2 protein chains.
Amino acid sequence: MPQVNAPRLKAGRPPTTSRAQILAAARGLIDRNGWERLTIRKLAAEIGVGATTLYHHVQDKEDLLFLLINEYGEQVSHPGLPEEPRERVIAAAATIHDALAAWPWAAEVLTTDGFIARLGDSPLGLVEAVVAGAIDYGCTPDHAVYVFRSIWYYTVGEILVRSHTARRGNGAATTHHGAFFGNIDAEKLPHLAALGDRWAVLAPRDTYVDGLRALVDGLLAQGVAARA
Amino acid sequence: MPQVNAPRLKAGRPPTTSRAQILAAARGLIDRNGWERLTIRKLAAEIGVGATTLYHHVQDKEDLLFLLINEYGEQVSHPGLPEEPRERVIAAAATIHDALAAWPWAAEVLTTDGFIARLGDSPLGLVEAVVAGAIDYGCTPDHAVYVFRSIWYYTVGEILVRSHTARRGNGAATTHHGAFFGNIDAEKLPHLAALGDRWAVLAPRDTYVDGLRALVDGLLAQGVAARA
DNA sequence: ACCTGAACACCGTTCAAGT
DNA sequence: ACCTGAACACCGTTCAAGT
């Protein structure tokens, strides 16, 4: 879309809608109603413009979401990361996690493509921090990429499971006579039966960083073991 | 829907559509066209029945997908799991992973609710195996639930990222003059710049089990450390 | 160059009516 | 009890026509 990025002088009718305006309105709608309720038609109505007008400023809905994520990604603050490599990996991953937790729909979109090549420099800075931390710890570059990918899987999974179950509330958990598990076979599933409702108490706990530490410890240990 | 589960004798018009028939047709359509293309209307057309008829046999589309998953879950084979607790955890998790890899849409649906309470005994057997393995290793039941949840995040994330990027192919990876990362700032992102196209080579590698081992090692170590 | 309404090809779901 | 078509309230996107 070169006509959008590099406007020529003295062209025809001047624009009344800008890409920035569209993104701002989209962001407002998502923050108010949730991303699953964002539609092109509602977005156009919000701006006060025909639905089809938006297609002059973005390629399609997916393109719109990517633009939005990159805009959001630029705003994610990069805190001063620790010097120590392992702690740097953990801090960078936790920053990614917290950014996604605030905008869980981004996690959903980020799984839907080879996204990393399309991210801007700012969000990539956190990817760089994870990779650099692993290398500084003593991993090979190849292993560092594997470290990042593994952390990414864990992080995305946590975000998606958490955001989806939060949407529904705990109502479904107590469908069958107050027990978390329905009519469970205590013979075949003794530990789950013994846990009973305890599962529902444990499930909502935020254990992201604990699990992250476990994962990173294991990944880095593999990295230095492979060197020997 | 008690009228479906417990049919009374001598009721009115006999059914020409059964829930089993609907599930079989749905499964066929998903296997042929992918789950994102399954619609109630197409499913009804496949069976040769009005779209609205399906609502007499399933509550709604989500209910249909849950029924399908539970049916599939019953068929997942439980291989003889290893005796050794750590290996049992890994083998059970890998079985869950492989089942989901064959039906990635199930992973998508399984994040959309407090699913675990609604699963049948057979798929829960693998959850039991993970929890039992962690406890046998020396973890508390509470920690064992945390172990399962962490593994679940990692597994679901891997499945979703992998299935979504597979759909698109690697075409998007080489948009900008053959480089995986677009126009990257080598000053600010030295390690990513140095990796360059190597990332695209590493990304498709199946490292699920490796990462799982790293995660489980870390999680179990935390579990026995907490005991001391 | 930019914007528009009409139109296309769909969705999931409800509901009154038929058998 | 089971099945139906019509209808409701939506979608994303294309395209010829207007300014």
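As the structure is a computational prediction, the values presented were derived from the model and not from experiment.

Generally speaking, soluble globular proteins have nonpolar side chains that are buried together. W199(A) and W199(B) are the most contacted members of the largest nonpolar core, which has 144 residues in total. Ignoring anything within four residues of it in the chain, the contact list for W199(A) reads F180(A), F181(A), L192(A), I116(B), V127(B), V131(B), V145(B) and F148(B).

Residues and elements named next belong to chain A. Packing of helix α5 (residues 85-102) against helix α7 (residues 121-137) leaves a shortest axis separation of 8 Å and a crossing angle of 160°. In this view, α5 runs roughly antiparallel relative to α7, as classed from their interaxial angle. When you trace α5 past α7, the crossing you get is left-handed. On α7, the residues that touch P85, R86, R88, V89, A92, A93, T95 and I96 of α5 are L126, A129, V130, A132, G133, A134, D136 and Y137.

Take the protein's contact with DNA strand C next. Every one of the 23 residues lining DNA strand C counts as a neighbour, but T16(A), T52(A), T53(A), R41(B) and T52(B) are closest to it. For DNA strand C, the fraction of protein-proximal atoms (within 4 Å) that sit in sugar or phosphate groups is 49%. Within the contact set of DNA strand C, a phosphate oxygen lies 2.9 Å away from a backbone nitrogen or oxygen of T17(A). In terms of residues, the surface near DNA strand C owes the most to one element, helix α3 (residues 40-47) of chain B, which gives 3 residues. When grouped by side-chain class, the residues that make up the surface near DNA strand C number 6 nonpolar, 10 polar and 7 charged.

As a further point, take the environment of V76(A). All names here are of chain A. As for its placement among the helices and strands, V76 is situated in the loop between α4 (61-75) and α5. In the structure, V76 is positioned 22 residues away from D98 in sequence and 9.6 Å away in space, judged by C-alpha atoms. If we ignore the near neighbours within four places in the chain, the residues touching V76 are T95, A99, S122 and L126.

In the region of DNA strand D, 23 residues are neighbours, and R41(A), T52(A), Y55(A), T16(B) and T53(B) sit closest. Here a phosphate oxygen of DNA strand D and a side-chain polar atom of Y55(A) are 2.7 Å apart. Contact between DNA strand D and H57(B): a phosphate oxygen at 3.3 Å from a side-chain N or O atom of the residue. Here the surface near DNA strand D takes 3 residues from helix α3 (residues 40-47) of chain A, the largest share from any one element.

In this complex, chain B contributes 61 residues to the contact, which on the side of chain A involves 61 residues. With both sides pooled, the region where chain B packs onto chain A buries about 5300 Å², and carbon together with sulfur makes up 65% of that total. Scanning the region where chain B abuts chain A turns up 2 salt bridges. In this structure, R198(A) engages D142(B) in a salt bridge whose closest nitrogen and oxygen atoms are separated by 2.5 Å. With 19 residues, the top contributor of residues to the side of chain B that touches chain A is helix α8 (residues 141-168) of chain B. Residue composition of the side of chain B that touches chain A, by class: 31 nonpolar, 15 polar and 15 charged.

A separate point is helix α7 (residues 121-137) of chain B. Residue and element names in this part refer to chain B. Its 17 residues give α7 an end-to-end C-alpha distance of 23 Å, which sits within 8% of 24 Å, the value for a rise of 1.5 Å per residue. Counting buried positions over the 17 residues of α7 gives 13, a clear majority of the element. Of the residues flanking the end of α7, it is G138, one or two places downstream, whose phi is positive at about 125°.

Let us now look at the relation of the copies chain B and chain A. Expressed as a screw operation, the relation of chain B to chain A combines 0.0 Å of axial shift with a rotation of 180°, fitting to an RMSD of 0.0 Å. In the structure described here, the two chain copies are related by an operation that fits a two-fold rotation axis. A high fraction, 100%, of the interface residues of chain B reappear at the interface in chain A, so the copies pair face to face through one surface.

A separate point is the UniProt feature "domain: HTH tetR-type" (unreviewed entry) in chain A. According to UniProt, the positions carrying the feature "domain: HTH tetR-type" (unreviewed entry) are residues 16-76 of chain A. For residues 16-76 of chain A, helix accounts for 62% and strand for 0%, while the C-alpha atoms at its two ends are 30 Å apart.

All names here are of chain B. Evaluated as defined, the whole model comprises 12 salt bridges over all chains. Where R88 meets D136, a salt bridge forms, and the shortest distance between an N and an O atom there is 3.0 Å. In this pair, R88 sits in helix α5 (residues 85-102) while D136 sits in helix α7, placing the two residues 48 residues apart along the sequence.

Reading the values: rules and limits
- Residues numbered from 1 in each chain as written.
- Chains lettered and ligands numbered in written order.
- Predicted model: local features only at pLDDT ≥ 70, side-chain atom pairs only at ≥ 80, totals over all residues.
- Heavy atoms only, no water.
- Core = buried A, V, L, I, M, F, W, Y, C linked by side-chain atoms within 4.5 Å.
- Buried < 20%, exposed > 50% of the residue type's maximum accessible area, 1.4 Å probe, protein only.
- Contact = heavy atoms within 4.5 Å.
- Axes fitted to C-alpha atoms, helices over the stretch in contact; angles between N-to-C directions.
- Helix = DSSP H or I, 4+ residues; strand = E, 2+ residues; numbered from the N terminus.
- Parallel < 35°, antiparallel > 145°, perpendicular 65-115°, else oblique.
- Left-handed = near helix turned anticlockwise from the far one by under 90°.
- Near = heavy atom within 4 Å.
- Polar contact = N/O pair within 3.5 Å; in protein donor to acceptor, adjacent residues only side chain to side chain.
- Nonpolar A, V, L, I, M, F, W, Y, C, P; charged D, E, K, R; others polar.
- Buried area = accessible area lost by both parts, 1.4 Å probe.
- Salt bridge = Lys/Arg side-chain N within 4 Å of Asp/Glu carboxyl O.
- Expected span 1.5 Å × (residues − 1).
- Least-squares fit on C-alpha atoms with pLDDT ≥ 70 in both.
- UniProt positions renumbered as here; feature names shortened; annotations may be inferred.

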